[in-house]
Amino acid sequence: MYKINCKIGEGTFGQVLECWDRQRKEMVAIKIVRALKKYREAAMIEIEILQQPGKHDKGGNRYVQFRDWLDYRNHICIVFENLGPSLYDSLQENNCRSFPIDLVLMHDLSMIHTDLKPENILPLSLEYVEVPDCKSPSRSPSTDFKTLPKSSAMKVIDFGSTTHKKEDLNYIVSTHHYRAPEVILGHGWSYPCNIWSVGCILIELCKGKALFQTRKNLEHLAMMERVLGTLPEHMLKKLELVWPEGASSKESINAVMKRPTLQNLIMQHVDHSTSDVIHLLQGLLRFDPSERLTAKEALRHSFFRE
Ligand SMILES: Nc1ncnc2c1ncn2[C@@H]1O[C@H](COP(=O)(O)OP(=O)(O)OP(=O)(O)O)[C@@H](O)[C@H]1O
């Protein structure tokens, strides 16, 4: 039924292969999930979730389209429409040079994805264009171009960690760099944790590299304070952010010191509408999740109306 073409991705759950669907006569992406109980169970939840976005996503232009699933030799195989290489792959391909931020599409989320990151945002178009990179640090003509998807339409993939909104969600979620402060501090989380991740992704698209490149909680919170200002006292509760005294090394202190403030970062990497971008990011990256912009509010922001 499917003819394997090549491998296009890999993740915790297994491998993703590009295959030819002989029946539908189209290229598809098939996620072959590891043949272990815990991954099989998670895959079945992902399939259940994948069948739901259709209801909210009329026209199918926000989430990856689910085609089918099968159980092959104890591997759950999930068949998706084939999308282009992820934003993460594109950033790597461009030697971490920044992406124009108008390539970003925000989503009206009705479930909590919990793992939004550049690896999980894929362009619809398989066609690419070369555009001059005005901010390239190099003078060499061969590297003064970056390769961008022809269309700015993007889709979200990987519903393996998606959860329905419930009370008492307080286990650790999200890939470290995109993890919201309330998740790190163990306060419980909800939709706003996705919004925080979106803020981090937008910055990464402007900057070309992840902003909070750390796996240490204390260092991560210190970096957040450096970029965004002091964490509100009620979020720290009785916890004291012992920094720099509590740093594990000099390198760790330097890594924090190297972070610019949000304003400086945007000024360095964005050419136009800087005040709009800064204002949007300040809303997406508010420490207190109850004050953070919702997805709907973010979509109404003047940045997206221009
Ligand atoms: N529909 C698709 N079209 C093209 N490439 C895809 C598609 N789905 C997945 N990929 C590629 O495979 C990679 C891994 O897919 P996915 O994130 O679903 O796997 P995962 O095992 O759940 O990953 P993680 O470790 O992040 O949980 C993606 O980053 C992307 O490069």
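Residues numbered from 1 in each chain as written. Predicted model: local features only at pLDDT ≥ 70, side-chain atom pairs only at ≥ 80, totals over all residues. Heavy atoms only, no water.

Taking an unreviewed UniProt entry as the reference, the protein chain is identified by name as Protein kinase domain-containing protein belonging to Lupinus angustifolius.

1. A word on the packing of aromatic side chains
How two aromatic rings sit relative to each other is given by the distance of their centres and the angle of their planes. One pass over the full model with this rule turns up five aromatic pairs. Where Tyr171 meets Trp189, the ring centres are 5.4 Å apart and the plane angle is 85 degrees; that geometry is what we call edge-to-face. Highlighted residues: Tyr171 in the loop between strand S9 (154-156) and helix H4 (181-184) and Trp189 in the loop between H4 and helix H5 (192-207), separated in sequence by 18 residues. The exposure class of Tyr171 is partly exposed, given its relative accessible area of 44%. Residue Trp189 is classed as buried on the basis of its relative accessible area of 5%. Between the aromatic rings of Trp196 and Phe212, the centroid separation amounts to 6.5 Å while the plane-to-plane angle is 15 degrees, which identifies the pairing as stacked. Residue Trp196 is found in helix H5, and its partner Phe212 is found in the loop between H5 and helix H6 (217-228); the two are separated by 16 residues along the sequence. The residues Trp196 and Phe212 share a single accessibility class, namely buried. Feature note: the residues Trp196, Phe212 and Phe287 constitute an aromatic cluster, connected by ring pairs. (Phe/Tyr/Trp six-rings, centres within 6.5 Å; stacked < 30°, edge-to-face > 60°. Helix = DSSP H or I, 4+ residues; strand = E, 2+ residues; numbered from the N terminus. Buried < 20%, exposed > 50% of the residue type's maximum accessible area, 1.4 Å probe, protein only.)

2. Section: the pattern of salt bridges
Per the stated rule, a full pass over the model turns up 11 salt bridges. One salt bridge in this structure joins Glu26 and Arg67, with 2.8 Å as the shortest N-O distance. Taken together, the residues Glu26 in strand S3 (residues 26-33) and Arg67 in strand S4 (residues 66-72) connect sequence positions 41 residues apart. Arg67 sits in the partly exposed class, given a relative accessible area of 23%. Note that Asp115 is salt-bridged to Lys117, the shortest N-O span being 3.8 Å. For Asp115, a relative accessible area of 10% translates into the label buried. Looking at Lys117, the relative accessible area reads 14%, which means it is buried. A network of salt bridges, in which partner residues are shared, links Lys31, Glu46 and Asp158. (Salt bridge = Lys/Arg side-chain N within 4 Å of Asp/Glu carboxyl O.)

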